[in-house]
Amino acid sequence: MIEKIKNISSRRIILGTALALVALFLAKGAFGLVTETVARKNGSLEYRVMLVQDMEWSGIENRDGVLITTDLDPQLATREIAKFSSLKFYMEYTVFPGEMVVYYMEPGDAGFSANKRVWLTPVQGEMGWYTADTSMKTVSAIRIDPTMYAGNQLTFGDFIFNEEKTVTDYFEISAGDIFNLFLYTGIISSVLKFLQEMLKKEID
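Analysis parameters
Residues numbered from 1 in each chain as written. Predicted model: local features only at pLDDT ≥ 70, side-chain atom pairs only at ≥ 80, totals over all residues. Heavy atoms only, no water. Helix = DSSP H or I, 4+ residues; strand = E, 2+ residues; numbered from the N terminus. Buried < 20%, exposed > 50% of the residue type's maximum accessible area, 1.4 Å probe, protein only. Contact = heavy atoms within 4.5 Å. Areas by Shrake-Rupley, 256 points an atom, 1.4 Å probe, with all protein chains shown as cover. Lys, Arg positive; Asp, Glu negative; His and termini not counted. Charge placed at Lys NZ, Arg CZ, Asp CG, Glu CD. Domains from an automatic or database assignment. Core = buried A, V, L, I, M, F, W, Y, C linked by side-chain atoms within 4.5 Å. Salt bridge = Lys/Arg side-chain N within 4 Å of Asp/Glu carboxyl O.

**Regarding the overall build of the protein chain**
Okay, step 1: Scanning the protein chain for helices and strands turns up three helices and 12 strands.
Okay, step 2: Across its three principal axes, the protein chain shows a C-alpha extent of roughly 80 × 40 × 40 Å.
Okay, step 3: When burial is assessed residue by residue, the protein chain has 33% of its 204 residues classed as buried.
Okay, step 4: For the protein chain, the proportion of contacts with a sequence separation of at least 24, taken over those separated by at least 6, is 76%.
Okay, step 5: A total of about 12,500 Å² of accessible surface is found on the protein chain, and carbon and sulfur atoms cover 59% of it.
Okay, step 6: Charged side chains of the protein chain number 20 positive and 26 negative; the gap between the two group centres comes to 12 Å.

So this is what it looks like as structure tokens:
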């Protein structure tokens, strides 16, 4: 067995690592599909549509019917979502919004943190719509940062939480997924090759 490990080629190590990461990606997608399907059936993952007036505001003011951001960290928040897997909403603006993020707080968290956030991206082919998807989370609060700038006039449409996904959505491959595949394949296979070389030295 040890002799076989010693003689595994670098190419096989890289290929095996890549295949293992692909298998993990598929397993994650299948797990998400099953858990979210069950949660929708038992009602714990609720499809919900909200309006901007249903949310708590920070750094945003209503000036004669116009919503204007007043600082560099405007926020919209809600504590009415128990389980969270996706958000889609419509927004118009007068200044390009820059970075757009959704933060989620899980039960027991002291507050929002950078390691619990999802980036908002434009919806392909649907002008003015933005979306963020994640694996299903049990949450106590959700915060939306719609822009980075003060003085931005914002107009919002519906905020759609937990819209039902298709089967293919759980296995959708993004540019980030491809980048991570190459990155982690390189890192993990390098570590495995190093351990293999150490094993050879110990035995020899």
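**Some remarks on the domain arrangement of the protein chain**
Okay, step 1: Domain annotation for the protein chain reports domain 1 (2-38 + 170-200) and domain 2 (48-163).
Okay, step 2: Averaged C-alpha coordinates put domain 1 and domain 2 at centres separated by 34 Å.

**Considering the nonpolar core**
Okay, step 1: One finds F84, F89, F156, F159 and F161 to be the most contacted residues of the largest nonpolar core, which totals 25 residues.
Okay, step 2: Among the secondary structure elements, those contributing two or more residues to this core are β6 (83-93), β7 (101-105), β10 (129-138), β11 (141-145) and β12 (153-161).
Okay, step 3: Aside from chain neighbours lying at most four places away, what touches F159 is R48, V49, M50, L51, V52, M55, L76, L87, K88, F89 and I144.

**Remarks on the pattern of salt bridges**
Okay, step 1: Tallied over the full model, the rule gives nine salt bridges.
Okay, step 2: Among the salt bridges present, the one from K88 reaches E126, with a minimum N-O distance of 3.0 Å. Residue K88 is found in strand β6, and its partner E126 is found in the loop between β9 (121-122) and β10; the two are separated by 38 residues along the sequence.
Okay, step 3: On the accessibility criterion, K88 (15% relative accessible area) is buried.
Okay, step 4: Taking relative accessible area as the criterion, E126 reaches 32% and is therefore assigned partly exposed.
Okay, step 5: Between K116 and D109 there is a salt bridge whose closest N-O contact spans 2.9 Å.
Okay, step 6: Through salt bridges with shared partners, one network takes in E36, R40 and K165.

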